[in-house]
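# A structural walkthrough
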Amino acid sequence: MAKKKDADTGTGNKDDRLSEKGTLAGLSVWHLIWIVPLIVAIFYALWDFIEVHYFTTTETTSMRIVYSVRGTTVAFVVTVFAVYYVLRAQNRQEQKLRKALTELQALDDTKNNFLSNVSHELRTPLTTINGYVKFMLSKKTGELSENQERYLRIMSEECDRLQHHIEELLFISTLESKPMVLKHQNINLMELAEKIKARMRPKAEQKGIDLRTEVKPGLTMINDEDRVFQLVSNLVDNALKYTNEDGKILLTIDKVGDDIELRVTDSGIGIPPDKQEKVFERFYQVDSSVSRKYGGTGLGLAICREIVRASNGNIEVISPLPKDSLKDLGVRSDEDIVGTMFDIRLPVNLASKNG
Amino acid sequence: MVAKKRTILIVDDEINLVQMVTDILEAEDFKVLPAYNADECLAALKKQKVDLILLDLMMPKVDGWMLHRKIKESKDWKDIPIIILTAKTDALDKNVGIEIAKVSAYLTKPFVPQDLVNKINEILNK
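For chain B, the helix and strand inventory stands at five helices and five strands. Taken from N to C terminus, the helices and strands of chain B fall in the order β-α-β-α-β-α-β-α-β-α. Relative to its 126 residues, chain B shows a buried fraction of 48%. Intrachain contacts of chain B at a sequence separation of at least 6 include 65% that bridge at least 24 residues. Total accessible area on chain B stands at roughly 6,700 Å², and carbon and sulfur atoms take up 51% of it.

Shown next, in the form of C-alpha cells:
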C-alpha cells in the first residue's frame, strides 16, 4: 500500500535542496556555533591538565585564569572563522542553485508555452475535421450508406478522443503556469455518480465490464463540480482501461468523518507496489508495452492528483486488493484477481480547509 | 414561409475552418460572408447589412478584440450580435468576453457544429 501524501511533494523540495548544501561536513552554522567551542574547550582542558600535572611544579590561580582566557579566545576566534567559512560556502552554493533553478524555470516555461501553443495549433484543424464529420453524420449533406455511416461514426469517436487528449495536455500545461482555481459549488454526489455512469456506460458495455455505483443517499459536498467530475471520471476511465473483459468496477461515495470518501475499485491487472507512487507522475505509464496495449497520454492520474491537491484532499492507491474490497466488488477470493483501488478523501466543504 | 435569408459574417484567418462553418450554416439556410482579416470584415460590413458576426480572437495584425471594439464603437454596427469563436479556452478571456465586452456568446474550438447553429438561432430569434 502506497501513500500519496500531498504535503510532502511540490515546491517545498526546491528550498530544502538549497539549504542542504553549503555546509561543513554536513554541519550547519547552528551546529558549528556550539560544536567548535566545545571541541576547543575540551582540547584546552586537556592541555591545561597535562601542563599542570606533568610540566609545572606549582599551580597558581593566575595560571588557571590565563589558560581559560586563552582557551575562550581561541574558541571564539575559531568559531567566527568556521561560521564565516560556512556562510560564505552556503552563499555561493545558494547562488549556484538559484541560477540553476532560474534556468530550469525558464526551460519549464518554454516547454509549457510550447505545449500550450501546440495544443492551440492542433485544435484548429481538428475543429474543421470534426465539424465536417459531424455535419455529414447529421445527414444534412445527403443520405449515407450503412458502411459510410459506420466509418464516419468511428472517425467522429476518434476525433473526440483526440480532442480529449489535447484538452488534457493543455490543462496540465496551464496548471504549471498558474495554480488551479476551484469554484465553490454545491454538488449532489448521487447525481454526480449517475452522470459519470452515463458517460462511461458505453465503454464499459463494449468491454463487457460490470460498472456499479454505490452512493450514500443525500450526500453533498462543496467543491468545483467540473473538476470533481473530471477527477472521478478519469479514475473510472483508468479502471476501464486496465480491467479485462467481464471484469468489475465499483464506484463508492461515502462520508468518513469530515471528509467525503470516493473510491474506485476494479478487478483489473493491478499496479506493482514499486510503481504505485509513480502512476501520479505526468506522462508515466507502468511500462511501455502496457501503454501500447492500453493507450492514453499518461496525464489522467496526474490531473487527478492536481485536483486533489488543489482541494486539500488526499489520494492513495491500494493494490493488490484486500479481501474486504474483493468482497465489495463481488469477486470470489479464490479467483486469481489482483485489482486496484483509488481512495480519495476530499473535504466536505472546500472553504473550510482552504482558509 | 419565405423569410429573407439571414446574413452571417464569419471572420477567421483559417480558410478551411471558414469553409466548414460556411458549409454548415448554408445547409441551415443562412447566407454566409467570409472575411479572412479585419480589413475584409470592415469592408463587408460597409457593403451590406449583416445579422450576426462570428469572430475569431487570434488573427494576425488586428486581433479579434481590437476588431470587436471597432465594430462596437461604430453607430451603424454596434447592435450586431457577435459570437466569439476561438481556440482560447482561458476562463479569463471568456469572462472578459462575456462580462466586459458583452459579446452574445463565446464558443471555444473545437465546437460541435450543432451547438453553433443552436446558439445562432437562439440569438437571432430573441
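On we go from here.
Moving on to the nonpolar core. Residue and element names in this part refer to chain A. Residues Leu189, Val236, Ile253, Phe342 and Ile344 are the most contacted members of the largest nonpolar core, which totals 49 residues. Sorting elements by how many residues they give to this core places helix α6 (residues 225-241) first, with eight residues. Residues within four places of Val236 in sequence aside, it is in contact with Ile196, Met200, Leu211, Ile249 and Val264.

Each partner contributes to the interface: chain A provides 15 residues, whereas chain B provides 19 residues. Linking chain A with chain B are one salt bridge, by the criterion used here. For Glu28 of chain B, the salt bridge identified is with Lys140 of chain A, shortest N-O distance 2.9 Å. Viewed at the interface, chain B and chain A are joined by five residue pairs in polar contact (both at pLDDT 80 or more). Listing elements by their share of the side of chain A that touches chain B, those giving two or more residues are α3 (61-137) and α4 (146-177) of chain A. The element contributing the most residues to the side of chain A that touches chain B is α3 of chain A, with nine residues. Tallied by class, the residues present in the side of chain A that touches chain B amount to three nonpolar, seven polar and five charged.

It is worth spelling out the pairing of strand β5 (residues 259-266) of chain A at this point. Residue and element names in this part refer to chain A. A large share of β5 lies buried, amounting to seven of its eight residues. In textbook terms, the turn of a hairpin is the stretch between consecutive antiparallel strands, and for strand β4 (residues 248-256) and β5 this stretch comprises two residues, one of which, Gly257, has a positive phi near 60°. As judged from the eight bridges shared by β5 and strand β7 (residues 340-347), these two strands associate in the antiparallel manner. The residue of β7 that forms the bridge with Glu261 is Arg345.

This brings us to helix α3 (residues 64-73) of chain B. Since there are 3.6 residues in each turn of an α-helix, residues three or four apart along the chain are aligned in direction. Residues and elements named next belong to chain B. All of the buried residues in α3 are Gly64, Leu67, His68 and Ile71. Along α3, the residues classed as buried sweep out an arc of 105° about the axis, all on the same side. Of the exposed residues in α3, those oriented more than 90 degrees away from the buried face are Arg69 and Glu73. Its buried side turned inward, α3 meets β1 (7-11), α2 (38-47), β3 (52-55) and β4 (82-86).

To continue, consider the environment of Tyr44 of chain A. Residues and elements named next belong to chain A. Position of Tyr44 relative to the elements: it lies in helix α2 (residues 29-55). Residues Tyr44 and Ala75, 31 residues apart in the sequence, show an inter-C-alpha distance of 9.3 Å. Not counting residues up to four positions away in its chain, the partners in contact with Tyr44 are Arg70, Gly71 and Val74.

What follows covers the environment of Gly64 of chain B. Residue and element names in this part refer to chain B. Here Gly64 shows up in helix α3. Placed 53 residues apart in sequence, Gly64 and Val11 show a C-alpha to C-alpha distance of 8.7 Å. Excluding residues within four positions of it along the chain, Gly64 makes contact with Leu55, Asp56, Leu57 and Met59.

Here the focus is the confidence of the model for chain B. Of all residues in chain B, 92% attain a pLDDT of 70 or more, and the chain-wide mean is 85. As a predicted assembly, this complex carries a pTM of 0.62 together with an ipTM value of 0.83.

Here the focus is the sheet that holds strand β2 (residues 210-215) of chain A. All names here are of chain A. Spatially, the five strands line up as an open sheet ordered β2-β4-β5-β7-β6, and their pairing is mixed. Unpaired on one side and paired on the other, β2 and β6 (314-318) mark the two borders of the sheet. Averaged over all adjacent pairs, the angle separating strand axes in this sheet is 10°, with direction ignored. Relative to β5, β4 runs antiparallel, the two being bridged by eight bridges. Along β5, the bridge assignment pairs Ile249 with Asp266. Packed on one face of the sheet, helix α5 (residues 189-207) meets β2, β4 and β5 and runs near 180° to β2.

Here is what the cut-offs are and how they apply
Per chain, the residues get numbers from 1 upward, laid out in the order the sequence is written. To read the labels, note that chains go from A and ligands from 1, taken in the order they are written. Selection of residues for local features in this predicted model requires a pLDDT of at least 70, selection of side-chain atom pairs for listing and counting requires 80 or more, and totals for whole chains, interfaces and linings are taken over all residues. Each side-chain value is worked out from all heavy atoms of the structure, with water and hydrogens disregarded. Secondary structure elements follow DSSP: runs of H or I no shorter than four residues count as helices, runs of E no shorter than two count as strands, and numbering proceeds from the N terminus. Remark: exposure states derive from per-residue accessible area (1.4 Å probe, protein chains only) relative to the maximum for the residue type, with buried under 20%, exposed over 50%, and partly exposed in between. It only takes one pair of heavy atoms within 4.5 Å for two residues to be counted as in contact. Where accessible areas are quoted, they stem from the Shrake-Rupley method and a 1.4 Å probe; at the residue level, only the protein chains shown are allowed to cover. Buried residues of nine kinds, namely Ala, Val, Leu, Ile, Met, Phe, Trp, Tyr and Cys, make up a nonpolar core once their side-chain atoms join them within 4.5 Å. One speaks of a salt bridge when a side-chain nitrogen belonging to Lys or Arg is within 4 Å of a carboxyl oxygen belonging to Asp or Glu. Any pair of N or O atoms that falls within 3.5 Å is considered a polar contact. Within protein, one atom must be able to donate a hydrogen and the other to accept it, and sequence-neighbouring residues count only if both atoms are side-chain atoms. Three classes are used: nonpolar for Ala, Val, Leu, Ile, Met, Phe, Trp, Tyr, Cys and Pro, charged for Asp, Glu, Lys and Arg, and polar for all others, with Gly counted as polar. In this description, strands pair whenever DSSP reports at least two bridges between them. Arc definition: directions from the helix axis to the C-beta atoms. For every residue, the predictor states its confidence as a pLDDT score lying anywhere from 0 to 100. Each axis is a line fitted through C-alpha atoms, and for a helix only the stretch in contact is used; angles between axes span 0 to 180 degrees, taken between their N-to-C directions.

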